[in-house]
2 protein chains.
Amino acid sequence: MDPTRAFVKNVKRVVVKVGTAVVTRDDGRLAVGRLGAIFEQLEKLNSQGFEIILVTSGAVGAGRQRLKYRKMINSSFADLQKPQVELDGKACAAVGQNGLMALYDILFSQLDVTSSQLLVTDNDFRNTDFKVQLCQTVDSLLDLRSIPIFNENDAISTRKAPYEDSSGIFWDNDSLAALLATELKADLLVLLSDVDGLYSGPPTDPRSKLIHTYVKQKHQKAISFGDKSRMGRGGMDAKVKAACNAAYSGTPVVIASGYASDNIIKVLNGERVGTLFHKDAHMWIPITEIGPHEMAISAREASRRLQVLTSEERKKILLEVAAALEANEHFIMLENDADVEAARDAGYDEALIHALAESVRRLAEMEEPIGQVLKRTELAEGLVLEKKSCPLGVLLIVFESRPDALVQIASLAIRSGNGLLLKGGKEAKRSNAILHKVITSALPETVGAKLIGLLTSREEIPDLLKLDDVIDLVIPRGSNKLVSQIKSSTKIPVLGHSDGICHVYVDKAANLEMAKKIVLDAKTDYPAACNAMETLLVHKDLLASGGMQELVKELEQEGVTLFSGPRVNGAVSFSKANTFHHEYNSKACTIEIVNNIDEAIEHIHSYGSSHTECIVTDNHDVAEHFLSRVDSAAVFHNASTRFCDGARFGLGAEVGISTSKIHARGPVGVEGLLTTRWVLRGKGQVVEGDKGVVYTHKDLQTSNGY
Amino acid sequence: MDPTRAFVKNVKRVVVKVGTAVVTRDDGRLAVGRLGAIFEQLEKLNSQGFEIILVTSGAVGAGRQRLKYRKMINSSFADLQKPQVELDGKACAAVGQNGLMALYDILFSQLDVTSSQLLVTDNDFRNTDFKVQLCQTVDSLLDLRSIPIFNENDAISTRKAPYEDSSGIFWDNDSLAALLATELKADLLVLLSDVDGLYSGPPTDPRSKLIHTYVKQKHQKAISFGDKSRMGRGGMDAKVKAACNAAYSGTPVVIASGYASDNIIKVLNGERVGTLFHKDAHMWIPITEIGPHEMAISAREASRRLQVLTSEERKKILLEVAAALEANEHFIMLENDADVEAARDAGYDEALIHALAESVRRLAEMEEPIGQVLKRTELAEGLVLEKKSCPLGVLLIVFESRPDALVQIASLAIRSGNGLLLKGGKEAKRSNAILHKVITSALPETVGAKLIGLLTSREEIPDLLKLDDVIDLVIPRGSNKLVSQIKSSTKIPVLGHSDGICHVYVDKAANLEMAKKIVLDAKTDYPAACNAMETLLVHKDLLASGGMQELVKELEQEGVTLFSGPRVNGAVSFSKANTFHHEYNSKACTIEIVNNIDEAIEHIHSYGSSHTECIVTDNHDVAEHFLSRVDSAAVFHNASTRFCDGARFGLGAEVGISTSKIHARGPVGVEGLLTTRWVLRGKGQVVEGDKGVVYTHKDLQTSNGY
């Protein structure tokens, strides 16, 4: 649930308004599919105990459609030659209201819902008795779980130009809905339209962003509302006016699309759909003020300032970050204690904060990663090409781990000249907030604190994932589900590993003592790590020789639970494994027998996750066969899978381990946060159909260091 | 349109069957939203002149729901204590049929469609007169544009167990629909269900793939149909039996989901939705036999065989490819002529084919790209880590360019040990087919011809884009639209550039003669290239000095049309540019004035596409300011943007130019087709809480060459 939508928890009475563009199709006929989907939602909410009041448009349109047809069949051919006069709006309304209510009644009947019809005019509301009476009637209907359906009684309204006049107590169905929401003391008003909500510009302009929370002070003048809705009288301006009226009278309003088949349910679940109008919106957390888009743009601007600093200046920033961590240890521990109390996790002490600061200092001392000349080529006389390392730009990191990760990632970003958007887990919310504050306060004004943005709500992630024009890389550090969800919902490249199903294969030519040591370490050194062994593959000869039984005994002695594959079944008695593609993340593993090394490789390719695999053997050729054929990020000979780690590999800090093949594979250090730029320096050379220069393509020495 | 669905062009009479799981919701009530959406489609098709016949289920379910309610309100509290007997199916059918038809009638009425009801039993069909009569009745109804709605007359059917008996002329509504399709000589039968079609395994198993075209000989035994549909009597087995009956009697059948709101329209547009049954399916192009998934798996297996060959062996393959191209030049020219005739393109001659073969030979001579040790580190005594280059795996290349690209890409794939799936443009269909055949015939049996797969239909692309477990990289070479579409519909990484909006900035300190030469070359050397200049930025001082006017004159003399930005408006009179973010791809460009270099950089960052930018200046500091700050793939000083190209950069063959920052940026050669693998060789070392070894992290010499 979005924090700005938390008020929905207390909603009981809801007014839902369906606009003409929702009720009617382009050709003027009723949109029976859309209406059916909306009514199914209303039935569901009604049966859950919500009090539903429906305000509908569409009678005039539906009536016009019917009358046109009627008029046509009553016309002679001669009549049809004459210029056609526009049909009377009031007559259309009278005819249309009938058909509309007949359809609504049968649809609601099918869903076992009783509906009721209430036609009102502006004039009615001038009478105080009327208002009291209306409230009582509606209360009675809602007590009976009937859904009252309101519409303006257009056919008998005395307003002069009912479709243009925007004066009066209400002037269209949006304002009628707002008025009813207020008078009937509804807890929420949902205005369903043909657009997703209120945009910062015309909805057709790709640069327009959906406004999730309308803040009058901020948006009133900044927004150009674009054209009126496809159909119906109420344009966006009128909708906003009506929504503000209701919101400031105390009924929050959401404008959302009536085209999606589950938007009302989503709104009532507190999901971030459509545009919310709430009287307290201006007082909410700053995040609604600085939208994710502005946050990403600011991070990019700051990163561009950061990357033109000298290497010394960037180093100095990191040293200041380290000092700030130590200077603020008291506050960090305080906030961390509050988190820890809830999470039963280990808390921070001075030693840990000092260690964190030290790791930042080590990064400060690291060799300058950006501006390195990786390659230098003379293309032609006086035309020299350089390939230089440079920052990616803006990174979005979603992490579910301990707040240490925030410090590590922020320091890596500073070292590599990148802007950063961070979203941490809610268990560490306060620790993340204080660490973020401490680190950004240490950033010099020349760069700006907005280099690193901290997101506070999970609901902002979908918006950020749309910003493929500003964010260059997403690194999710968390569950498989998180990684997979992010991958399928963004065009931005994603770096990460979804599974860590690592194998150890013990060959027939293995030194058995070595095998025991490696297998034990691979499983038990840290069973929940992604580089821990999940499946032990054993050569068939070790079953006959008793070697397998020794391995099993060793594991069982250390408390490891074994699950067997089909070939082990019978030979040794364990529980049967359901699937080989399984990450236990605990002191448990699968064991299976293979006939030879190629079967072992085949097994790894079929069921593994291309993370880390190990062969234990004393046969050099067999080892090389394995190392050259296994298609995983890391392949080891006679060494524990647990070595697969940025620090153990000597890469300094680690962003994560990638099992994708693109950009960076295996443990990813600062390299994964860099890209390259081609810089060409000439003296006026042109291509001229490749006759402009004589190509030499001579490799030149690179003098590393900018 | 999918070639296997081309028959829909001749479809006029369509039988549509909606199953119980489509008509009814989980709670037994009618799914009014879904039905509305389906009826809207039927109305659309009806108005377009299609003859629509509807077969519906759902009466029994709907009736049971009503009778339960009725029974409950007629029960005493004592009655409710007794065990409840199951309601009579026939009674349910009788009650339900009424409610169902009342709803259908009002929904269709709203859409101005007249519907009609036809209840039939198995027995009726035993009478030959009945069949003749039925055809006449239906013809009459269709002539009046009424939609006949069929259902089994369950209430009066004499079958013993109407819901389990699968003997007789028909035994459920699927077989009724198939029977009607045949008897009424329909051109198509659409069976709408709650699944997307027929799967190769249970639809809940992620490894199951949707079968787009059912081939009896291939699928009858291979498929496990999984469980029955959520509701209703007809399981998938029964559906397949009915579908085969209709298909082999001459009416093609599509099984598709009734949950999507536009599937019927899609089927009639020839889109690849659901599963098609067609009596000629077994004779169609082999692609329906080898699905895209199998094709990708085969390419991966072949690539694994390819990459363990020696460097010499891979080189030999390329030399044989080159020889095969020359040996088959006659056939290649023949097929190319056929394409060219349609496309008015330049054809192939011996010289061109020889040049192509020569480019393959140059690749053969290239330094071995795979198995290179990029880094070697001693982690601890006797524990050595190597970072080695290796192939990505399987590439999917979608190209719209000339068939030369096929040869270039296939050779690059062979050189870099990758499997390849190719999809070319249809203008070069025959040329691509012959080139693919010639190249794959030259592959040795140890690798296999399936290393390179050629896709023949655009409709297969969406299926391929789902295979993120097999395909490692997608490279679209074509329009912006193609690249953007692919990016948003796959989890597989995509490499490519969507726009090429390149800038030349002429500084106040520019040598004007040099500027003229560079600007002219950048725009006119090949105006449609992605590295051609689209926007010319000029320092404001050049307006006063007349330098800008000289540049303009130079461009106009060469026939370049200029469009002006707001600052130029008035100063010189051109047409106004609508937007700075525009790629002309022709002899046209935008011109704008900037006040200083930072404004030029700001302009490039705001409106460019991060491809290639150039500064013309004699001021060294200004040039370095530009080179270090512009965030594009390539930044040039005093050289034409046209130099941004793999061949001119000396990279050998080029896969394309990437404007994304991940993996490869700018012109991409063989490097972009490689990844790395971490290889660790030990002597039994374990991590043991980082006390297992003493880390040394010593950089060792790399001896390049495997």
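Look up a bit, the structure's there.
Bear in mind that the values here come from a model prediction, so they are computed numbers and not experimental data.

## Things to note about the overall build of chain A
When you go through chain A residue by residue, the secondary structure sums to 23 helices and 25 strands. Relative to a compact globule of 706 residues, whose C-alpha radius of gyration would be 27 Å, chain A shows 34 Å and is clearly more extended. Judged by the C-alpha coordinates and their principal axes, chain A covers about 95 × 75 × 65 Å. If you take every contact in chain A between residues at least 6 apart in sequence, the share linking residues at least 24 apart comes to 74%.

## Let's talk about the environment of Ala532(A)
Residues and elements named next belong to chain A. In this structure, Ala-532 sits in the loop between helix 19 (512–524) and strand 16 (533–539). Residue Ala-532 is classed as buried on the basis of its 28 C-beta neighbours within 10 Å. For the pair Ala-532 and Cys-589, spaced 57 residues apart in sequence, the C-alpha separation works out to 9.8 Å. Apart from the residues within four sequence positions on either side, Ala-532 is in contact with Cys-502, Ala-522, Lys-523, Tyr-526, Pro-527, Thr-641 and Arg-642.

## As for the relation of the copies chain B and chain A
For these two chains of identical sequence, chain B goes onto chain A by a turn of 180 degrees and a shift of 0.0 Å along the axis, with RMSD 0.1 Å. Given the turn and translation reported, the copies of this chain are related as if by a two-fold rotation axis. Residues of chain B ranked by C-alpha distance from the rotation axis are headed by His663(B), positioned 1.9 Å from it. The share of interface residues of chain B whose copies in chain A are also at the interface is 100%, consistent with both copies meeting through the same surface.

## Describing the sheet that holds strand 14 (residues 473–477) of chain B
Whenever strands of a sheet pair, they do so through backbone hydrogen bonds, lying parallel or antiparallel. All names here are of chain B. The sheet built from four strands is open, its strands ordered 13-12-11-14 with parallel pairing. Whereas interior strands pair on both sides, the edge strands pair on one side only; in this sheet they are strand 13 (452–455) and strand 14. In this sheet, neighbouring strand axes are inclined to one another by 15 degrees on average, regardless of whether the strands run parallel or antiparallel. Taken together, the four bridges between strand 12 (residues 419–423) and strand 13 define a ladder with parallel strand orientation. Paired with Lys-423 across the bridge in strand 13 is Leu-455. In the packing of helix 15 (residues 404–415) onto the sheet, contacts are made with strand 11 (394–399), strand 12, strand 13 and strand 14, and the angle to strand 12 comes to roughly 165 degrees. Relative to the sheet, helix 18 (residues 480–488) contacts strand 11 and strand 14, its axis offset from that of strand 14 by approximately 160 degrees.

## Regarding helix 3 (residues 59–73) of chain A
All names here are of chain A. Across its 15 residues, helix 3 extends 21 Å between first and last C-alpha, which sits within 8% of the 21 Å expected from 1.5 Å per residue. For helix 3, every residue scored as buried is listed here: Ala-59, Val-60, Gly-61, Ala-62, Gly-63, Arg-64 and Gln-65. On its buried side, helix 3 packs onto helix 1 (20–23), helix 5 (89–110) and strand 4 (147–152).

## Overview of the interface of chain B and chain A
Taken residue by residue, the interface counts 75 residues in chain B and 75 residues in chain A. The residue inventory of the side of chain B that touches chain A, partitioned by class, reads 33 nonpolar, 22 polar and 20 charged. When strand 21 (residues 634–639) of chain A meets strand 24 (residues 674–685) of chain B, the two strands line up parallel, connected through five bridges. Opposite His637(A), over in strand 24 of chain B, you have Arg681(B) as the bridge partner.

## Quick look at the pairing of strand 20 (residues 612–616) of chain B
Residue and element names in this part refer to chain B. Counting buried positions along strand 20 yields five of five residues, so the element is predominantly enclosed. Neither face of strand 20 is exposed, since Thr-612, Cys-614 and Val-616 on one face and Glu-613 and Ile-615 on the opposite face are all buried. Examined bridge by bridge, strand 15 (residues 502–506) and strand 20 share four bridges and lie parallel to one another. Looking across to strand 20, one finds that His-503 is bridged to Glu-613. With respect to chirality, the unit in which strand 20 leads through helix 23 (residues 620–629) into the neighbouring parallel strand 21 (residues 634–639) is right-handed.

Procedures and definitions
Residues numbered from 1 in each chain as written. Chains lettered and ligands numbered in written order. Predicted model: local features only at pLDDT ≥ 70, side-chain atom pairs only at ≥ 80, totals over all residues. Helix = DSSP H or I, 4+ residues; strand = E, 2+ residues; numbered from the N terminus. Rg over C-alpha atoms; globule rule 2.2 N^0.38 Å. Contact = placed C-beta atoms within 7 Å. Buried ≥ 20, exposed ≤ 12 C-beta atoms within 10 Å, placed from the backbone. Least-squares fit on C-alpha atoms with pLDDT ≥ 70 in both. Pairing = 2+ DSSP bridges. Axes fitted to C-alpha atoms, helices over the stretch in contact; angles between N-to-C directions. Expected span 1.5 Å × (residues − 1). Nonpolar A, V, L, I, M, F, W, Y, C, P; charged D, E, K, R; others polar. Right-handed = clockwise from strand over helix to strand, strands pointing away.

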